[in-house]
Amino acid sequence: MNDARNTSGTVELDQRHVWHPFVQEQTAPAPLPVARASGASLFLEDGREILDLAASWWVNVHGHSHPAIAEALAEQARTLEHVIFAGFTHAPAARLAEALVHALPRIDDRGLDRVFYTDNGSTAVEAALKMAFQSWRNQGERRRTLFLAFEGAYHGDTFGAMSVGRSSGFYGPFEDVLLKVRFTPFAETWLDDENVDAREAAALAELDAILERDGRRIAGFIAEPLVQGASGMRMCRPQFLRAVCDRVAAQGIPVILDEVMTGFGRTGTLFAMEQAGVVPDLVCLSKGLTGGFLPMAVTVASKAIYETFLGQDFSTAFAHGHSYTANPLGCAAALASLALFESEQTLERIAAIRAANLRWLAEAATLPGVHRPRALGSIAAVNLGPEVGDGIGGEVDYYSSLGPKLKARFLELGLLVRPLGNVIYVMPPACIAPEELARAHAVILDVLRETAPLYVKS
Ligand SMILES: *Cc1c(COP(=O)(O)O)cnc(C)c1O
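The rules behind these values
- Residues numbered from 1 in each chain as written.
- Predicted model: local features only at pLDDT ≥ 70, side-chain atom pairs only at ≥ 80, totals over all residues.
- Heavy atoms only, no water.
- Helix = DSSP H or I, 4+ residues; strand = E, 2+ residues; numbered from the N terminus.
- Rg over C-alpha atoms; globule rule 2.2 N^0.38 Å.
- Buried < 20%, exposed > 50% of the residue type's maximum accessible area, 1.4 Å probe, protein only.
- Contact = heavy atoms within 4.5 Å.
- Areas by Shrake-Rupley, 256 points an atom, 1.4 Å probe, with all protein chains shown as cover.
- Lys, Arg positive; Asp, Glu negative; His and termini not counted.
- Charge placed at Lys NZ, Arg CZ, Asp CG, Glu CD.
- Pairing = 2+ DSSP bridges.
- Domains from an automatic or database assignment.
- Buried area = accessible area lost by both parts, 1.4 Å probe.
- Salt bridge = Lys/Arg side-chain N within 4 Å of Asp/Glu carboxyl O.
- Near = heavy atom within 4 Å.
- Polar contact = N/O pair within 3.5 Å; in protein donor to acceptor, adjacent residues only side chain to side chain.
- Phe/Tyr/Trp six-rings, centres within 6.5 Å; stacked < 30°, edge-to-face > 60°.
- Lys NZ or Arg CZ within 6 Å of the ring centre and 35° of its normal.
- Core = buried A, V, L, I, M, F, W, Y, C linked by side-chain atoms within 4.5 Å.
- Expected span 1.5 Å × (residues − 1).
- Arc of directions from axis to C-beta.

A. Structural view of the overall build of the protein chain. In terms of regular secondary structure, the protein chain is built from 14 helices and 16 strands. Compactness check: the protein chain gives a C-alpha radius of gyration of 22 Å against a globular reference of 23 Å for 458 residues, within 12% of the reference. Its C-alpha atoms put the protein chain at 65 × 60 × 45 Å along the principal axes. For the protein chain, the proportion of its 458 residues judged to be buried stands at 54%. The long-range share in the protein chain, meaning contacts at least 24 apart out of those at least 6 apart in sequence, stands at 71%. Summing over all exposed atoms, the protein chain offers an accessible surface of approximately 20300 Å²; the carbon and sulfur share of this is 55%. Looking at charge distribution, the protein chain has the averaged site of its 40 positive side-chain charges lying 3 Å from that of its 53 negative ones.

Right, here's the structure in full:
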């Protein structure tokens with residue numbers, strides 16, 4: 001199946017009938033046909049191997065086509081593939097809900113107790129926003145019609161998710177029809193950052209002003225904890241996230257943590273919120289939930305939020321649900337993926353990746369035009385560009401032509417590295433071998449040396 005004729009067959013058919021996400025179809029290079037994948041590697045139809053340093057859009061956790069997850073899926077498919085989830089339940093959904101509730105952090109009697117199933121990160125966010133909003137309505141409070149989010153946030157592509165992620169800059173055409181949102185600064189930081197205290201103090205002062213002015217009209221606050229993914233792997237200190245959540249919670253505003261990208265070990269702990277000592281009212285999980293095998297998501301709610309939906313009639317019920325809610329195959333994959341965290345010591349592997357990433361960043365940061373080295377869990381990133389004070393050096397320019405050029409060069413050299421504008425990051429699956437990672441690091445350093453004239457002003 002991997003001769004040249006077949007390769008062109010896949011791409012030709014694709015080019016005739018498929019519409020790809022997040023690309024300008026007219027100018028995008030033809031997609032690469034992947035025949036199979038295993039471990040950290042993708043194998044193209046022409047036999048070429050590509051190391052997946054983007055965890056396939058941040059979903060893959062333990063490696064591709066992991067046999068334990070594949071086996072669990074096959075067995076579930078032969079037993080119960082899917083069933084309506086209104087009025088019915090099944091062991092995979094009940095067991096996964098229990099496993100998630102136990103895996104999520106608790107502080108005293110505050111925890112996340114109720115698992116609502118949806119299909120993807122955007123729907124997990126959509127459900128969380130609707131829960132926060134309706135929870136107020138169910139309590140007779142009608143003034144809270146605003147949401148609060150971080151500048152630079154990304155929460156997905158449905159309307160509610162676009163509204164709270166608007167400052168990512170993807171949604172210009174929809175501006176007129178989005179929800180009303182206040183945006184508060186995200187105090188990003190990096191390894192050699194000397195101004196973080198001042199930046200955090202300024203961000204908190206601005207948050208205080210927003211809360212003072214609009215606090216009583218805000219229905220919910222949503223945040224990506226510790227790392228803003230799509231806006232360029234921007235990282236903040238745990239104490240900043242904690243301070244923001246404390247201020248918001250003190251106003252009685254529900255805190256929604258979007259762990260769609262950060263969940264399942266990506267930041268070194270099973271969930272990023274653990275590092276900040278924050279237990280939100282709602283959490284959104286997806287991407288790594290099934291280990292990267294199937295689209296599935298959950299919104300997990302506190303007991304307090306859940307109880308505002310209880311009553312004698314349907315008017316306070318959460319009238320929201322998807323056809324494939326709690327798909328048993330997704331649940332089986334998620335249970336198998338969770339089990340691997342113990343049997344394969346996934347968090348220890350991720351700690352080793354971080355150590356290697358830190359050594360690589362130290363070298364990368366000595367190159368011209370390479371700024372803001374940062375690493376958390378399996379994620380490591382740098383910004384490329386001219387350095388202009390504290391603000392630039394540089395900000396993410398999503399439409400920068402640099403990203404596509406670098407991406408093409410990395411692919412030629414056998415690496416899947418997808419720059420976010422002028423930000424280069426790696427986020428390998430936990431299974432990546434030390435020598436694979438070392439090779440990737442060396443290739444990226446070579447490419448940075450080679451392409452420096454593109455982003456260093458002479
Ligand atoms: C990817 C992502 C989403 C959206 O998830 P989809 O499955 O792509 O809809 C939401 N929030 C964050 C933080 C993400 O990284």
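B. A look at the sheet that holds strand β15 (residues 415-416). Judged by pairing direction, the sheet is mixed, and its 4 strands sit side by side in the order β1-β2-β3-β15 without closing on themselves. Of all strands in the sheet, those bounded by a partner on one side alone are β1 (34-38) and β15. The sheet contact formed by β1 and strand β2 (residues 41-44) spans 4 bridges and is antiparallel. For Val34, the partnering residue across the bridge sits in β2 and is Leu44.

C. Summary view of the domain arrangement of the protein chain. By the assigned domains, the protein chain splits into domain 1 (32-62 + 345-454) and domain 2 (73-342). Centre-to-centre, using C-alpha coordinates, domain 1 lies 26 Å away from domain 2. The interface of domain 1 with domain 2 comprises 32 residues on the first partner and 35 residues on the second. Between domain 1 and domain 2 the total buried area reaches about 2800 Å² when both faces are included, carbon and sulfur atoms providing 63% of it. Its largest share of buried area at the contact with domain 2, domain 1 owes to Trp58, Arg374 and Leu376, together 22% of the area lost on that side. Put simply, domain 1 and domain 2 have 1 salt bridge between them.

D. The site of the ligand, seen in detail. Lining the immediate surroundings of the ligand are Trp58, Asn120, Gly121, Ser122, Tyr154, His155, Gly156, Glu224, Asp258, Val260, Met261 and Lys287. One of the side-chain nitrogen or oxygen atoms of Asn120 is found 3.4 Å away from an oxygen atom of the ligand. Starting from 380 Å² of accessible surface for the ligand in isolation, the protein chains cover 84%.

E. Here's a closer look at the packing of aromatic side chains. Inspection of every chain in the model, using the stated rule, returns 12 aromatic pairs. Centroid distance Trp58 to Tyr425: 6.2 Å. Interplanar angle 80 degrees. Geometry classified as edge-to-face. Taken together, the positions of Trp58 in helix α2 (residues 55-58) and Tyr425 in strand β16 (residues 423-426) put the pair 367 residues apart, joining distant regions of the chain. Tyr425 matches Trp58 in its accessibility class, with the two residues each being buried. Ring pairing ties together the aromatic residues Phe150, Phe186, Phe221 and Phe240, which thus form one cluster. Here the guanidinium or amino end of Arg144 rests over the ring plane of Trp136, the centre of that ring lying 4.1 Å away. If you follow Arg372 out to its NZ or CZ, it ends over the ring of Trp190, 4.2 Å from the centre.

F. Quick look at the nonpolar core. Membership of the largest hydrophobic core comes to 79 residues, with the highest contact counts inside it found for Leu96, Leu100, Tyr117, Phe150, Phe221, Met233 and Phe264. Considering every element that reaches this core, the biggest residue donor is helix α8 (residues 238-250), with 6 residues. Formed jointly, this core draws a minimum of three residues from each of two domains, domain 1 (32-62 + 345-454) and domain 2 (73-342). Residue contacts for Met233: discarding those within four places in its chain leaves Trp58, Val227, Gln228, Met261, Arg374, Ile379, Ala381, Leu420, Tyr425 and Met427. Core analysis: the next-biggest nonpolar cluster, separate from the first, contains 31 residues, Ala364, Ala380, Leu437 and Leu448 among them.

G. Looking closely at the side chain of Asn327. Looking at the secondary structure, you find Asn327 in the loop between α10 (303-307) and α11 (328-343). Residue contacts for Asn327: discarding those within four places in its chain leaves Glu81, His82 and Met296.

H. Main features of helix α7 (residues 196-214). Taking 1.5 Å of rise per residue, the 19 residues of α7 would be expected to cover 27 Å, and the 27 Å separating its terminal C-alpha atoms lies within 8% of that figure. Regarding α7, the residues found buried are Val196, Arg199, Glu200, Ala203, Leu204, Leu207, Ile210, Leu211 and Asp214. One face of α7 carries all of its buried residues, which in axial projection span an arc of 130 degrees. α7 presents Asp197, Ala198, Glu212 and Arg213 as exposed residues on the side facing more than 90 degrees away from its buried surface. Packing partners of the buried residues in α7 comprise β5 (146-150), β6 (181-184), β7 (218-223) and α8.

I. Region of interest: the pattern of salt bridges. What the rule picks out here adds up to 18 salt bridges. Among the salt bridges present, the one from Glu141 reaches Arg143, with a minimum N-O distance of 3.0 Å. Since its relative accessible area comes to 57%, Arg143 is described here as exposed. The partner of Arg409 in a salt bridge is Glu412, and the shortest N-O contact between them spans 2.5 Å. With Arg409 and Glu412 both in helix α13 (residues 402-412) and 3 residues apart, this pair spans about one turn of that helix. Overall, the relative accessible area of 57% leaves Glu412 in the exposed class. Within this structure, Arg182, Arg213, Asp214 and Arg217 form a network of salt bridges that share partners.

J. Spatial organisation of the environment of Ala243. Mapped onto the secondary structure, Ala243 falls in helix α8. With relative accessibility at 16%, the residue Ala243 sits in the buried group. As for Ala243 and Ala37, which are separated by 206 residues in sequence, their C-alpha atoms are 42 Å apart.

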